[in-house]
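# Close look at the chain arrangement
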Amino acid sequence: MSAAPRPLPRAFFERDVLAVARDLLGSLLVRRRGRALLVARLVEVEAYGGQGVDPSAHSFRGETPRCRVMFGPAGHAYVYTTHQGRCCLNVSAVGDRSGQAVLLRAAEPLAGAEAMRAARLDGLRDGPTRARLLAGGREHELLSGPARLCLGLGIDRALDGVDLCDAAGPLWLAQGERVARVLWAPRIGLNSKSASCGWAWRALVADARGVSAPRRPEAARGAPEPRRRPASHHEAAAPPRARLPGRARTA
DNA sequence: CTCACGATCAGCT
DNA sequence: GCTGATCGTGAGG
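All values derive from a computational prediction rather than experimental measurement. (Residues numbered from 1 in each chain as written. Chains lettered and ligands numbered in written order. Predicted model: local features only at pLDDT ≥ 70, side-chain atom pairs only at ≥ 80, totals over all residues. Heavy atoms only, no water.)

### A look at the pairing of strand S1 (residues 28-33)
Heads up, the rule is: Any two strands with at least two DSSP-identified bridges between them are counted as paired. The helix and strand labels rest on DSSP assignments: H or I over at least four residues marks a helix, E over at least two residues marks a strand, and numbering proceeds from the N terminus.
Relative to strand S2 (residues 36-48), S1 runs antiparallel, the two being bridged by six bridges. Counterpart to Arg-31 in the pairing with S2 is Leu-38.

Here it is as structure tokens:
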């Protein structure tokens, strides 16, 4: 790549969180590594509502040291750690101190795939997963999950708070090609007794292979009915209708 | 391919 | 103490 992809403007993130999630699909996530740029196309994201709205959001009970970035200006990185030191990356949205953000769940490598592969392999024990990655190919598995995405791109808590609208920084988001078909489905990995676990706030590129877990509709596993989003989001320009993914192709 | 299991730890109550 | 916005393993179709 010759020039660095131009960052999305702040105003992109200062909108309804579902519209931001929808429009992030197809956008580019760019990571500066020395002189090289790692570039990936987003194929799966999840919206998280804010304080007092979305019980599954880290911000639900208000600001804490960990999730402080969710309450700050839009377009900044909220990076948190999960099990075994893994990390997940979010972008703050809206910017009205309500604590809303979009979790970046999966992407497809466009540039620097071998560096991403090396980053994934680093620290991975011998086993089937290591062997599969060492065999080469399978690029769509390199960033196919929120923690894998961070591993492959070398993102950790040191990047918490970084401005994702700044192409001079270590990490930013840039415009990509518009995605034609988007699927909406319930979010992954939430406590099934949470009131919001059935909300279809996960957006996927319909024909992408690199999604983290489109396998089975959660509804088939006894989870609560996928619920409509709150009426305030109705004219949000994003999700036409929440349809379960099943196989990619039901558009 | 799908599924169930549990490692291992930061963050919060 | 208890709880995960997860991942890789290993067994089974």
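Anyway, onward from the coordinates.
### Section: the side chain of Arg-187
Rules: Two N or O atoms form a polar contact when they lie within 3.5 Å of each other; inside protein one atom must be a possible hydrogen donor and the other a possible acceptor, and for residues adjacent in sequence the pair counts only when both atoms belong to side chains.
Relative to the elements of secondary structure, Arg-187 occurs in the loop between strand S7 (182-185) and strand S8 (202-205). Reaching out from Arg-187, the side chain makes a polar contact with the side chain of Asp-54 at a distance of 2.7 Å. Within the local environment of Arg-187, its side chain forms a polar contact with the backbone oxygen of Ser-196, the two atoms lying 3.2 Å apart.

### Considering the protein's contact with DNA strand C
Using the following cut-off: One heavy atom within 4 Å of a molecule or strand is enough for the residue carrying it to be called near that molecule or strand.
Close contacts around DNA strand C come from 25 residues, with Tyr-80, Arg-86, Asn-90, Thr-129 and Arg-148 the closest. In DNA strand C, the atoms that sit within 4 Å of the protein are 60% sugar and phosphate, with bases accounting for the remainder. Contacts to DNA strand C include Tyr-80, whose side-chain N or O atom sits 3.3 Å from a base nitrogen. Between His-83 and DNA strand C, the recorded distance is 3.2 Å, taken from a side-chain N or O atom to a base nitrogen. Top contributing element to the surface near DNA strand C by residue count: helix H5 (residues 146-153), with three residues.

### Some points on the state of the cysteines
As used in these notes, a disulfide is a covalent bond between sulfur atoms, one from each of two cysteines. Going by this rule: For the purposes of this analysis, a disulfide is any pair of cysteine sulfur atoms at a distance within 2.5 Å.
Applying the stated criterion across every chain yields a total of zero disulfides. Sulfur of Cys-165: no disulfide; nearest cysteine sulfur belongs to Cys-150 and is 18 Å away.

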